[in-house]
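Observations on chain architecture
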Amino acid sequence: MQSDAQALPKATTLNPAFVLKWAASIVQILGYSATAWGLHPWNIYLFLAGLTGWFLVGVLWNDRAIMLIHIVALGAMISGIWSS
């Protein structure tokens, strides 16, 4: 006799890179929003946090392209902050 009950899905563990990439993405979106609303310097802080998060994702994934683009963007933002 077959049962109508379905097996419960296995508990999944969250991959740290998965959590970090979504957190960094949300923080960067908040940075874009802060820029649109003229919330300076909060927009810069949010962008710096998001860029750092995505750089760490690149490190966790061993993806040099992600690391390169975000370290260049981070350097550009830091030099812009120091020059203003």
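Presented here is a report on the structure given in the accompanying data block. If you're wondering where the values come from, they're calculated on a predicted model, not measured in any experiment.

1. Quick word on helix H3 (residues 64-83)
An α-helix turns once per 3.6 residues; consequently, residues spaced three or four apart project the same way. Given a rise of 1.5 Å per residue, 20 residues ought to cover 28 Å, and the 28 Å separating the end C-alpha atoms of H3 matches this to within 8%. Between a side-chain oxygen at the N-terminus of H3 and the backbone nitrogen of Ala65 the separation is 3.1 Å; the capping residue is Asp63.

2. Comments concerning the packing of aromatic side chains
Scanning the entire structure with this criterion turns up three aromatic pairs. Look at Trp42 and Tyr45: their rings are 5.8 Å apart centre to centre, the planes differ by 90 degrees, and that puts the pair in the edge-to-face class. Pair noted here: Trp42 and Tyr45 are both in helix H2 (residues 42-61), with a separation of three residues, about one helical turn. On the basis of relative accessibility, which here comes to 58%, the residue Trp42 falls in the exposed class. Given a relative accessible area of 46%, Tyr45 falls into the partly exposed group.

3. So, unusual backbone geometry
The linkage connecting His40 with the following residue, Pro41, adopts the cis geometry, with an omega of 10 degrees. Positioned with a positive phi, Asn62 is a non-glycine residue whose angle comes to about 55 degrees. In this fold, Asn62 is placed in the loop between H2 and H3. When its relative accessible area of 59% is taken as the criterion, Asn62 is described as exposed.

4. Focus: the side chain of His70
Mapping His70 onto the fold places it in helix H3. Separated by 2.9 Å, the side chain of His70 and the backbone oxygen of Ile66 make a polar contact. Not counting the four nearest positions on each side in its chain, His70 is found in contact with Leu51, Trp54 and Phe55.

5. Considerations on the nonpolar core
By size, the foremost hydrophobic cluster in this structure holds six residues: Ile44, Phe47, Leu48, Leu51, Leu74 and Met77. For this core, the elements supplying multiple residues, two or more each, are H2 and H3. Ignoring any residue separated from it by four or fewer positions in sequence, one finds Leu48 in contact with Leu74, Met77, Ile78 and Ile81.

6. Focus on the packing of helix H1 (residues 16-36) against H2
Close contact between H1 and H2 brings their axes to 8 Å; oriented N to C, the two are set at 155 degrees. Between H1 and H2, the crossing angle belongs to the class labelled roughly antiparallel. In the crossing of H1 with H2, the sense of the turn from one axis to the other is left-handed. Residue-level contacts link Ala17, Leu20, Lys21, Ala24, Ser25, Val27, Gln28, Leu30, Gly31, Tyr32, Ala34 and Thr35 of H1 to Asn43, Leu46, Phe47, Ala49, Gly50, Leu51, Gly53, Trp54, Leu56, Val57, Leu60 and Trp61 of H2. Residue composition of the contact of H1 with H2, by class: 16 nonpolar, seven polar and one charged.

Calculation rules
- Here the residue numbering is sequential within each chain, running from 1 through the sequence in written order.
- Local features are withheld for residues below a pLDDT of 70 in this predicted model, meaning they are given only at 70 or higher, and side-chain atom pairs are given and counted only at 80 or more; totals for whole chains, interfaces and linings count all residues.
- Based on all heavy atoms of the structure, the side-chain values leave hydrogens and waters out of the count.
- Under the DSSP-based scheme used, a helix requires at least four consecutive residues in state H or I and a strand at least two consecutive residues in state E, with every element numbered from the N terminus.
- Expected helix span is computed as 1.5 Å times (number of residues minus one).
- Each polar contact in these results corresponds to two N or O atoms within 3.5 Å; when the atoms are within protein, one needs to be able to donate a hydrogen and the other to accept it, and residues that are neighboring in sequence are counted only if both atoms are side-chain atoms.
- The pairing test for Phe, Tyr and Trp rings, Trp by its six-membered ring, is centres within 6.5 Å, and the orientation test on the planes gives stacked under 30 degrees, edge-to-face over 60, and tilted for anything in between.
- The buried label goes to any residue with under 20% of its type's maximum accessible area, the exposed label to any with over 50%, and the partly exposed label to all in between, with areas taken from a 1.4 Å probe on protein chains only.
- It only takes one pair of heavy atoms within 4.5 Å for two residues to be counted as in contact.
- Put simply, buried Ala, Val, Leu, Ile, Met, Phe, Trp, Tyr and Cys residues joined by side-chain atoms within 4.5 Å make one nonpolar core.
- Axes here mean lines fitted to C-alpha atoms, for a helix over just the part in contact, with angles spanning 0 to 180 degrees between N-to-C directions.
- With respect to orientation, any angle under 35 degrees is reported as roughly parallel, any angle over 145 as roughly antiparallel, any angle of 65 to 115 as roughly perpendicular, and every other angle as oblique.
- What makes a crossing left-handed is the near helix being turned counterclockwise from the far one by less than a right angle; a clockwise turn instead makes it right-handed.
- For this scheme, ten residues count as nonpolar: Ala, Val, Leu, Ile, Met, Phe, Trp, Tyr, Cys and Pro. Four count as charged, namely Asp, Glu, Lys and Arg, and the remainder, Gly too, count as polar.

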